[in-house]
Amino acid sequence: MTAPIPRDIPDLPPIPGHVVLPPTVVPARAVLIPARRRPVAAFRGLIALLALTGVAIELLAADIPPTTALSHFTIQSSILLALVMLASARCAWSAHHPLPGALTGAALFYVIAAALVHHVLLAHASSPFATPDGTGTGIGTGTGTGTGTGTAWQTAATHILHTAVPVAAALDWLLLTPAGRLHLRQAPAWLLYPLAYLAFTLARGELLLPDAQDRYLYPFLDVAQHGYKIVLGNALLVGLALYALAVLLVALDHIRPDPVRRPR
């Protein structure tokens, strides 16, 4: 037989040294189950396909080796965006948690930065660094010996990579991505890749022969023509502009309406 349970249980004294844990804030993603967003996944898949199509056309139509084409910032940033969009499409299709905002924001930042450099510095007629063929691209413009068909394909790729892809990526961010996921502390980290790219392109120019085609990939980074003092000054100005762009993206992310906010 078991002993009877007493009716009145005396209060137990507090445990010496017992620490009461403060309340914690649980992030929403830890308790909310993501929903399938198949139209979003399809749109992001189309963005990835568009970016890869532009890259493929550049590699096939440009009159330069593929390794040189792949050395351009535009090509690299487009490939990165395509990979991020494919991963984001998979998350949306399978109802997984979205990719970190720092990663998706960086991919968006790089393609917009490449587009702005193209339209402001390379394609604008009043720019001192405008390319002589008028296409505004530094890819495949070294000799100007391409055929008319190749030039048409290259022009199409230029518009795809510098206009269509950045606009599509911006629309995905504005209309299909939760707001408030970017933070100001991410802006300096995003500049590490452009800084590494600057070191790469300058080192590449030093290692190639002086008469090599496309020795320096962008006119404002041409040390042979402008010297290191002017090139580094140009790089500093571009870097400050890119940092301002990153801060602008973060600010817009916190003031824009949230397109995927669920009703409470």
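Shown above is the structure to which this text applies.
Notes on the structure in this doc start here.

About the criteria used
- Just so you know, the residues in each chain are numbered from 1, in the order the chain's sequence is written.
- Only residues with pLDDT of 70 or above have their local features reported here, since the model is predicted, and side-chain atom pairs are shown and tallied only from 80 upward, although totals for entire chains, interfaces and linings are computed over all residues.
- Working from all heavy atoms in the structure, the side-chain values ignore hydrogens and water.
- Helix and strand labels come from DSSP, where a helix needs a run of H or I of at least four residues and a strand needs a run of E of at least two; each type is numbered from the N terminus.
- A helix is expected to reach a length of 1.5 Å times the quantity of its residues less one.
- Relative accessibility decides the category of a residue: with a 1.4 Å probe and only protein chains considered, values under 20% of the type maximum give buried, values over 50% give exposed, and everything between is partly exposed.
- Summarising the geometry, the arc corresponds to the directions from the helix axis toward the C-beta atoms.
- Here a residue-residue contact requires only that any non-hydrogen atoms of the pair lie within 4.5 Å.
- Contacts described as polar in this section are N or O atom pairs within 3.5 Å, which, within protein, must combine one atom able to donate a hydrogen with one able to accept it, while residues neighboring in sequence count only if both atoms come from side chains.
- Each salt bridge in this description consists of a side-chain nitrogen of Lys or Arg and a carboxyl oxygen of Asp or Glu lying within 4 Å of one another.
- Each patch is built from residues lacking any salt bridge and having more than 30% relative accessible area; the joining distance is 9 Å for like charges and 5 Å for nonpolar side chains (Val, Leu, Ile, Met, Phe, Trp, Tyr).
- Accessible surface is estimated by sampling points in the Shrake-Rupley manner with a 1.4 Å probe; for residues, cover comes only from the protein chains shown.
- Put simply, buried Ala, Val, Leu, Ile, Met, Phe, Trp, Tyr and Cys residues joined by side-chain atoms within 4.5 Å make one nonpolar core.
- Each Phe, Tyr or Trp ring, with Trp reduced to its six-membered ring, pairs with another whose centre is within 6.5 Å; inter-plane angles below 30 degrees give stacked pairs, above 60 give edge-to-face pairs, and intermediate values give tilted ones.
- Comment: the charge-over-ring label is applied if NZ (Lys) or CZ (Arg) is within 6 Å of the ring centre and within 35 degrees of the ring normal.

**Description of helix α8 (residues 192–207)**
When the terminal C-alpha atoms of α8 are compared, their 23 Å separation across 16 residues agrees well with the 22 Å that a helix rising 1.5 Å per residue should span. Those residues of α8 that fall on the buried side of the exposure criterion are P194, Y197, L198, T201, L202, R204 and G205. Along the axis of α8, the buried residues cluster in a sector spanning 160°; they form a single face. Turned more than 90 degrees away from the buried face of α8, the exposed residues are L192, L195 and L207. On its buried face, α8 sits against α3 (66–70), α4 (73–93), α5 (101–122), α7 (186–190) and α9 (223–255).

**Some points on the side chain of T74**
Relative to the helices and strands, T74 is located in helix α4. Among the residues examined, T74 registers a relative accessible area of 5% and is labelled buried. At 3.2 Å, the side chain of T74 forms a polar contact with the side chain of H162. Discounting residues that sit within four places of it in the chain, T74 has contacts with A114, L161, H162 and Y218.

**With respect to the pattern of salt bridges**
Pairing of side chains with opposite charge becomes possible as their charged atoms draw close. Tallying each qualifying case throughout the model produces two salt bridges. The salt bridge involving R44 is made with D172; its shortest N-O contact spans 2.7 Å. In this pair, R44 sits in helix α2 (residues 38–61) while D172 sits in helix α6 (residues 148–176), placing the two residues 128 residues apart along the sequence. With respect to class, R44 is no different from D172; both count as buried.

**Focus: a nonpolar patch on the surface**
Taken together, the side chains of V167, L171, L174 and L175 present a nonpolar region at the surface, about 350 Å² in accessible area. Tracing the backbone through its elements, the reader meets L175 in helix α6. Assessed through its relative accessible area of 55%, L175 is described here as exposed.

**Examining the environment of I64**
Along the polypeptide, I64 turns up in the loop between α2 and α3. Along the backbone, I64 and Q213 are 149 residues apart, and their C-alpha atoms lie at a distance of 8.5 Å.

**A few points about the nonpolar core**
Ranked by size, the top nonpolar core spans 50 residues in total, and within it L81, F109, W190, Y218, F220 and L221 carry the most contacts. If you list the elements that add at least two residues to this core, you get α2, α4, α5, α6, α7, α8 and α9. If one sorts the elements of this core by residue count, α5 sits on top with 12 residues. Ignoring sequence-local partners within four residues, the contact set of L81 consists of I47, A107, V111, V165 and A169.

**Focus on the packing of aromatic side chains**
The description of an aromatic ring pair uses the distance of the two centres, along with the angle that the planes make with each other. Throughout the structure, instances matching the rule amount to 10 aromatic pairs. An angle of 55° between the planes, with centres 5.5 Å apart, marks the rings of F109 and Y110 as tilted. With respect to class, F109 is no different from Y110; both count as buried. For the ring pair Y197 and F200, a centre distance of 5.9 Å and an interplane angle of 50° mean the geometry is tilted. Within this pair, Y197 and its partner F200 are both found in helix α8, separated by three residues, close to a single helical turn. The buried category is assigned to Y197, whose relative accessible area is 6%. Note on F200: relative accessible area 35%, which makes it partly exposed. Taken together, the aromatic side chains of F73, F109, Y110, F129, W190, Y193, Y197, F200, Y218 and F220 make up a single cluster linked through ring pairs. One residue, R38, lies across the ring of W93, its end atom 4.7 Å from the ring centre.

Keep in mind these values describe shape, not function.
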